[in-house]
Amino acid sequence: MSDPSTRKHSGHRSLLRHIREIMAAKGTAQYRLDALVKAIASNLHADVCSLYLRRPDASMELWATQGLDPNAVHVTRLGAGEGLVGEIVRLSRPLNLTEAPTHSAFSFHPETAEDPFHGFLGVPVLRGGRLLGVLAVQSREARHYSNDDVEALQNVSMVLAEIVSSGDLLSASELANVAVRPSRAESLTGRRISDGLAVGQAVLHDPGRVKTILIADDPEAEKTRLEDAILDLRHSVDTLYQGKGNRLGGPSRAVLEAYRMFANDQGWLDRLCEAAGSGLSAEAAVERVRGEHRARLLSAKDPYLRERLHDLEDLANRLLRHLGAVDELAELPENAILVARAIGPAELLEFDRSRLKALVLEEGSPTSHAAIVARALRLPVVGHATGLLDRVSPGDTLLVDAEEGIVSIRPDAPTEEQFRIRVDERRQRRAAYARLRDKPARTKDGQRITLAMNAGLRVDLPQLEETGAEGIGLFRTEFQFLLSDHLPRLTEQTQLYRDVLDAAGERPVVFRTLDLGGDKVLPYVAHERESNPALGWRAMRMALDRPGLLRYQFRALIDATGGRELNIMFPLITTLMEFRTARALLDAEIKRMARFGYTIPAKVRVGSMVETPAIVWQLESLLKEADFVSVGANDLMQYFFAADRENSRVAERYDILNTGSLRMLGHIANVCQQSMRPVSVCGEIAGQGVEAAALIALGFTALSVPPDSVGPVKRMILSLDQKDLGIKLAEWVAEAQTNVRENLLDYARTSGLAL
Ligand code: PEP
Ligand code: MG
């Protein structure tokens, strides 16, 4: 007896074969599309079959029909969102209606003579999640099309999508009227993630190109191939999950859990096998199901659902690899701009930096790990470019303006020319900064400013030499932990710290102990979800509750120092007791290591970050115990303004050049001066011209900034009269001037301050 699923598919398989013949036949595109709709109508016993293709203006044009008035072909155009076709566009999903005229979206076009039709089934024609058109069948009587019919129409639409977008079917002039790929110049505004400008060619961060055999000669064999590939996939996901073979920066445990769940999800597997069993090749089946998910993803608003659909898409990509369907990652073109939904930090490190010019992300936040790596690589990045993947095609020219957070897609010639002038100007500015490398940072009125840099990765280290930074004012030790897929071993930690100290030579390095928690969650450590992570169990709170990790880190730091000077700093100190407890742990560790015969640092200086308003108002007491402090303005301002630095709606809502925050910062500078304790500022503001000028005017004489900011900030310092601006700033703050920033910008214009 034959398998019922085989029987049920046999009619539709013959449809796919028929379509292959039609498409391979000679004749114009119109002739072939007419034959195609006729074959579908006949196979599905429908009275009408119509194909609508999307025009560049997003309207839907009737391209071929069997059953509607042929004179309506190329005449009927449905506006964006109009009618049932518009509804399918909106949903990117099939619409199966027994009584179409009763649907709220139904609209009537007299020229098509579609009045008497009731049963309706329409499916989107999707390619790579992008909608190219709609394929619909209708019947005179009220009819609910079967799941098999839906399946068959989706398969045909998938084949059609491939053929239309391959460019083989339509002539160049016809293609110009179809939105196969967007051709208009567009620009997207996202967020600046890593500063810079770049011109280049879009490369989609995709698993590669899927081979184009779409229709299976032997559907049973295809099903078996697919089932084998699914078994392989499950096995490989399990292996990854068990930690074997998970490379640095591979998917996190949470993502692997989602992979595992989907790899065993019967619904997903059934959809794949159905698609393969119905006559598509195994690759085309995966591609079809992936395309449907992708289309849903592009319209999904719920971030959780989007995240899961992304996971599912990644899994489909893996499945394609198991099918051997994917060409290996081709070499990047000379000026590649990587376009991705999101990217892992380690993945980013794998690209050839000499060819990769910029990164544009549909998602991504400035504090994401990839952003940190990108900054270290000096790779311009724009994130939060919503709709990016829907608009960019491989090979498109892109202008990435990561100074303003704008991406121009397929720019016209004058726009590109203007942009290239800006790129050139930027290059010249950078060359000018390089010439300042060995010049001490001293204001016009003689105040020496110590200009150090922030770091956290090995790739940052060469920047010490290149920028002329006077040391590392903040080494974020948690980066090593965040980039690893396991807790870094003692030897790994020690080696990194030793490399940092070796690279710095005579220059001082301040190591900040682990600042985990909040947004910096380790994928391999169980973590409870917190409703308010910025105010939660993070940094020192976590370290003091679980001192094992901190003591381990102390050991690595002491050992790496090997008799040199050790500067250590604690994050997010909120009470004196926290500082004391941490310091006592460090002292105990030093004693313990001395007992075991380790070389002890020649000198140990212990400092505290000033990141909470609570510690600002205990600063005099803290400075009796701390050897130095550093203002972590990113967090301090987050807590001062009660505005989450991770939340783009509020992160930039309040200007830190506000009299309230400037008073607080001025208070810190004064107390440190009176206590004769060194203080620096290491939050992002220290690297921004206007803000850095204000900090120096308030009395701060040490800044630690991202490597790329060393040059620009030094240039500003050389043109600044600290006393003069100090007097002005004090007046503005005393008068509670609301617009200190504008005053400062005016001041810069009239005084020649180079911001
Ligand atoms: C800060 O908060 O300003 C800071 C330097 O620490 P991080 O950005 O790593 O939280
Ligand atoms: Mg901080």
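Structure: see above.
Residues numbered from 1 in each chain as written. Chains lettered and ligands numbered in written order. Predicted model: local features only at pLDDT ≥ 70, side-chain atom pairs only at ≥ 80, totals over all residues. Heavy atoms only, no water.

(A) Focus on the pattern of salt bridges. The tally for this structure, following the rule as stated, stands at 46 salt bridges. R429 serves as the salt-bridge partner of E403, at 3.4 Å between the closest nitrogen and oxygen. Residue E403 is found in the loop between β13 (397-401) and β14 (406-409), and its partner R429 is found in helix α14 (residues 413-435); the two are separated by 26 residues along the sequence. Assessed through its relative accessible area of 35%, R429 is described here as partly exposed. A salt bridge links E691 to R741; the nearest nitrogen and oxygen atoms lie 2.8 Å apart. Here R741 lies in helix α28 (residues 740-751) and E691 lies in helix α25 (residues 689-698), a separation of 50 residues in the sequence. It is possible to trace a salt-bridge network through shared partners that takes in D195, D401, E403, R422, R426 and R429. (Salt bridge = Lys/Arg side-chain N within 4 Å of Asp/Glu carboxyl O. Helix = DSSP H or I, 4+ residues; strand = E, 2+ residues; numbered from the N terminus. Buried < 20%, exposed > 50% of the residue type's maximum accessible area, 1.4 Å probe, protein only.)

(B) Main features of the coordination of the magnesium ion (ligand 2). Ligation of the magnesium ion (ligand 2) by protein atoms is provided by E611 (OE) and D635 (OD), these donors lying 2.0 Å from the ion. Of this pair, E611 sits in the loop between β19 (603-610) and α21 (613-616) while D635 sits in helix α23 (residues 633-640), placing them 24 residues apart in sequence. Each member of the pair, E611 together with D635, is buried. (Donors = N, O, S within 2.8 Å, 3.2 Å for Na, K, Ca; no water.)

(C) Expanded view of the packing of helix α27 (residues 722-734) against α28. At their nearest, the axes of α27 and α28 sit 11 Å apart, and the two run at 155° to each other. Taken together, the axes of α27 and α28 are roughly antiparallel relative to one another. Where α27 crosses over α28, the two elements pack in a sense that is right-handed. Facing α27, whose interface residues are D724, L725, K728, L729 and W732, α28 presents V740, N743, L744 and Y747. When the residues that make up the contact of α27 with α28 are grouped by side-chain class, the tally is six nonpolar, one polar and two charged. (Axes fitted to C-alpha atoms, helices over the stretch in contact; angles between N-to-C directions. Parallel < 35°, antiparallel > 145°, perpendicular 65-115°, else oblique. Left-handed = near helix turned anticlockwise from the far one by under 90°. Contact = heavy atoms within 4.5 Å. Nonpolar A, V, L, I, M, F, W, Y, C, P; charged D, E, K, R; others polar.)

(D) Structural context of the site of ligand 1. Of all residues adjacent to ligand 1, which total 14 residues, the nearest are R476, R512, G632, N634 and R645. Contacts to ligand 1 include R476, whose side-chain N or O atom sits 2.8 Å from an oxygen atom. Take G632: an N or O atom from its main chain is 3.3 Å from an oxygen atom of ligand 1. Counted by class, the shell around ligand 1 contains four nonpolar, three polar and seven charged residues. (Near = heavy atom within 4 Å. Polar contact = N/O pair within 3.5 Å; in protein donor to acceptor, adjacent residues only side chain to side chain.)

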